[in-house]
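As a plain string of letters, each chain reads:
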Amino acid sequence: MKDTENIYPFFALMARMKYIERWALMRNSTKENISEHSLEVAMIAHGLGVIGNERFGREYDVNRLALMGLYHDVTEIITGDMPTPIKYYDEDIKNAYKRVENIAGYTLLHKLPANMQPYYESILVAKEEEKEYWKLVKAADKMSALIKCMEEESAGNSEFQTAKESIQGILAQMDLPEVQVFMEEFLPAYSMTLDELQNNW
């Protein structure tokens, strides 16, 4: 038997994100896993940060936002992807799930050597002092979900219509000017064909 004392499974666990499918209860034209989703969220969160800095005088660390977006769903390696209607059914379930996510975050953290843990703790377990950053990451998460709904709709799948309307409402309630700019200037391109996108080069 191999000596596992100095073997840490953190990154091997991260690699399993590609096996966790999103939207599991819905009929999908194209399947999406949380690895793909997290990359998109990281890109959008970074972009929202840049928009905030350049248009609204914010001082976001945009690289930090990208990193938070990249890791925002890693606890699902342990919990799985719980459908949103269940996760947010009422305050009791919402708070209980937050506790489960918190435990899962620390569980993953301890899969790293002790001297690496300080670098990862605040991206695996949300901290109150970064709530403005997490709000942007949440917006990026919802934007990614909206893009998925748009893609399914363009593929002729009406299964995501209600989800799309719900997500649009959530994004509007967030009242973030960075989100408004993204929706006005970047979101329409997701409905374009490849030829239309290339014509802009």
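Scroll up for the structure.
Residues numbered from 1 in each chain as written. Predicted model: local features only at pLDDT ≥ 70, side-chain atom pairs only at ≥ 80, totals over all residues. Heavy atoms only, no water.

(A) Structural detail: the packing of helix α2 (residues 34–56) against helix α10 (residues 177–185). Their axes nearest at 9 Å, the elements α2 and α10 cross at an angle of 110°. One way to sum up the angle between α2 and α10 is to call them roughly perpendicular. Facing I44, L48, I51, G52, R55 and F56 of α2, the residues of α10 in contact are P177, E178, V179, V181, F182 and E185. Of the residues contributing to the contact of α2 with α10, the split by class is eight nonpolar, one polar and three charged. (Axes fitted to C-alpha atoms, helices over the stretch in contact; angles between N-to-C directions. Helix = DSSP H or I, 4+ residues; strand = E, 2+ residues; numbered from the N terminus. Parallel < 35°, antiparallel > 145°, perpendicular 65-115°, else oblique. Contact = heavy atoms within 4.5 Å. Nonpolar A, V, L, I, M, F, W, Y, C, P; charged D, E, K, R; others polar.)

(B) Expanded view of helix α6 (residues 91–109). The end-to-end C-alpha distance of α6, which contains 19 residues, comes to 27 Å, matching closely the 27 Å that a straight helix rising 1.5 Å per residue would cover. Those residues of α6 that fall on the buried side of the exposure criterion are Y97, A104, G105, L108 and L109. For α6, the angular spread of buried residues about the axis comes to 135°, placing them on one side. Exposed side chains of α6 directed beyond 90 degrees from the buried face belong to D92, R99 and I103. (Expected span 1.5 Å × (residues − 1). Buried < 20%, exposed > 50% of the residue type's maximum accessible area, 1.4 Å probe, protein only. Arc of directions from axis to C-beta.)

(C) Inspection of the packing of aromatic side chains at higher detail. For the coordinates displayed, the defined rule picks out eight aromatic pairs. For the pair F10 and F11, a centre-to-centre distance of 4.9 Å together with 90° between the ring planes defines the contact as edge-to-face. In this structure F11 comes out as partly exposed when scored by relative accessible area, which is 46%. Through a chain of ring-to-ring contacts, the aromatic side chains of F10, F11, Y71 and Y120 assemble into a single cluster. (Phe/Tyr/Trp six-rings, centres within 6.5 Å; stacked < 30°, edge-to-face > 60°.)

(D) Representation of the pattern of salt bridges in the model. This model, assessed by the stated rule, comprises 10 salt bridges. Here E21 and K31 are joined by a salt bridge, their closest N and O atoms 3.8 Å apart. Of the two residues, E21 is situated in the loop between α1 (10–14) and α2 and K31 in the loop between α1 and α2; the sequence distance between them amounts to 10 residues. E21 gets classed as partly exposed once you look at its relative accessible area, which sits at 40%. Exposure remark for K31: the relative accessible area of 59% places this residue in the exposed category. (Salt bridge = Lys/Arg side-chain N within 4 Å of Asp/Glu carboxyl O.)

(E) Quick peek at the environment of L67. Along the chain, L67 turns up in helix α3 (residues 62–71). Judged by relative accessible area, which is 33%, L67 ranks as partly exposed. Separated by 70 residues in the primary sequence, L67 and V137 have C-alpha atoms spaced 9.8 Å apart.

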